[in-house]
Amino acid sequence: MIQLSQRMVALGTARSEIREAFAFAQARAAEVGAENVDDFSIGNPSVPAPETVAQAVRELVDSVDPIKLHGYTPAQGDGEVRQALAEDLNRRHGTAYGPDDFYLTAGAAGALCCVLSALGCPGDQFVTFAPYFPEYKVFVESAGGELVAVPADLADFQIDFDAFTAALNPQVKGVIINSPNNPTGVVYSEATIRRLGQTLAEKSQEYGHPIWLISDEPYREIVYQDTPLPWVPDYYANTLVCYSYSKSLSLPGQRIGYVLVPPQAQEAKLVYAAVCGAGRALGYVCAPSLFQLVAARCVGQTSDMAVYRRNRDLLLDALREMGYTCAQPDGAFYLFPRTPEPDAGAFCQRARKYDLVLVPGDSFGCPGHVRISYCVPTEQIQRALPKFRALAREYGLC
Ligand code: PLP
């Protein structure tokens, strides 16, 4: 019998509920035809990358020496690319970031893994808020830490500050937030971010060490409210930003994103060095070189978010009218309604009778809810509405 890491075998063998639902939808599509299966399981952007991405790729391939274009870049990323990213954020937030505050990564997942490895020491706890992206647990544990989930504030999925302060203790090294949120679509209000920053500042003072705020922002550009998103480092200096172009530019397969270590953070240079060290130890070497350049050329642009807004409006209005209860989703491309029975798994099984594929909230640490990923063609939503209605009728909602 060969000896392997049992943890890695388990991670590689057990499929996530999202993947399981997606596989079910694929299998059913092969059986009954894709047009009869309404798969809302996965968060793969449904709108193409903007034309400027293809243009940038073409121009770069035609004009840049292939040895440079496809070669290694410095570990932290190409200097001019980092400069372009800094200028973009400075323009938008009135900040004064420089290229040496950015470390380019393979998406937000790579950014989170680097930050968590940079911060994590044995025995450290990282706090997050239910419902949360399930991979946080994998990433935190890989960095030697323990993930602690604060129960959800079910009324509006802002932060339950009593529950949050109860979770804080001197072992807490960091807090992970994700706004706009996967799976709820909820955007943290300015009041929430302000109070979060104040709480962390007080507790850092009390414990005599900083509690780092890790702001996971792959959906930063996908917002439907008029009020601008609060720029988190403005509210708490010890914030580390993890960003990704997976959703904003519809480039999830190209694996491009960054960590920003704002210079206002405590010992920022040392933290930045630890992030670089983590990238080295994890074997990332450098972020994909072609898409570093593409990201710099497409800075400030996004895919067509109008489709997501249309989908959200259509689905949210219809579900509420059918009697489902759903917190206000002002961003990302997910809805997280309450299930009409406490067992969300049983609800999802019932939905499958109609070839309607949803993901139970249990996988996000929030039972009694279901995630609907509406990054799908609008026609799919139109086609699925009678199925949602039939389900609602089964439960006497309408
Ligand atoms: N964080 C959240 C909340 C996500 O939803 C995702 C992907 O869906 C990620 C991180 C990872 O994103 P990336 O593809 O940029 O690694």
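For the structure, check the block above.
Residues numbered from 1 in each chain as written. Predicted model: local features only at pLDDT ≥ 70, side-chain atom pairs only at ≥ 80, totals over all residues. Heavy atoms only, no water.

Asks: Residue-level account of the pairing of strand β8 (residues 257–260), with values.
Replies: A two-sided burial pattern is seen for β8, the buried positions comprising G257 and V259 on one face and Y258 and L260 on the other. Sheet topology note: the strand β2 (residues 102–105)/β8 ladder contains four bridges and is antiparallel. Directly across from T105, in β8, lies its bridge partner G257. The pairing of strand β7 (residues 239–244) with β8 spans four bridges and is antiparallel. (Buried < 20%, exposed > 50% of the residue type's maximum accessible area, 1.4 Å probe, protein only. Helix = DSSP H or I, 4+ residues; strand = E, 2+ residues; numbered from the N terminus. Pairing = 2+ DSSP bridges.)

Asks: I'd love a proper account of the site of the ligand, names of residues and values included.
Replies: As a matter of local geometry, the ligand sits amid 14 residues, with A108, D216, Y219, S244 and R255 nearest to it. At 2.9 Å from an oxygen atom of the ligand is found a main-chain nitrogen or oxygen belonging to A109. Between the ligand and K247 there is a distance of 2.9 Å, counted from an oxygen atom to a side-chain nitrogen or oxygen. Applying the majority rule of atoms within 2 Å of the grid points places the ligand in the largest pocket. Here the element with the most residues in the shell around the ligand is helix α6 (residues 107–119); it accounts for three residues. A breakdown of the residues in the shell around the ligand according to their chemical character gives six nonpolar, five polar and three charged. (Near = heavy atom within 4 Å. Polar contact = N/O pair within 3.5 Å; in protein donor to acceptor, adjacent residues only side chain to side chain. 1 Å grid on protein atoms, 1.4 Å probe; cavity = no way out; pocket = protein on both sides within 12 Å on 5 of 7 lines; lining within 4 Å. Sits in = over half its atoms within 2 Å of the grid points. Nonpolar A, V, L, I, M, F, W, Y, C, P; charged D, E, K, R; others polar.)

Asks: Pulling in residues and values, what's your account of the environment of A14?
Replies: Take A14: it is sitting in the loop between α1 (6–13) and α2 (17–32). The exposure class of A14 is exposed, given its relative accessible area of 56%. Separated by 358 residues in the primary sequence, A14 and I372 have C-alpha atoms spaced 22 Å apart.

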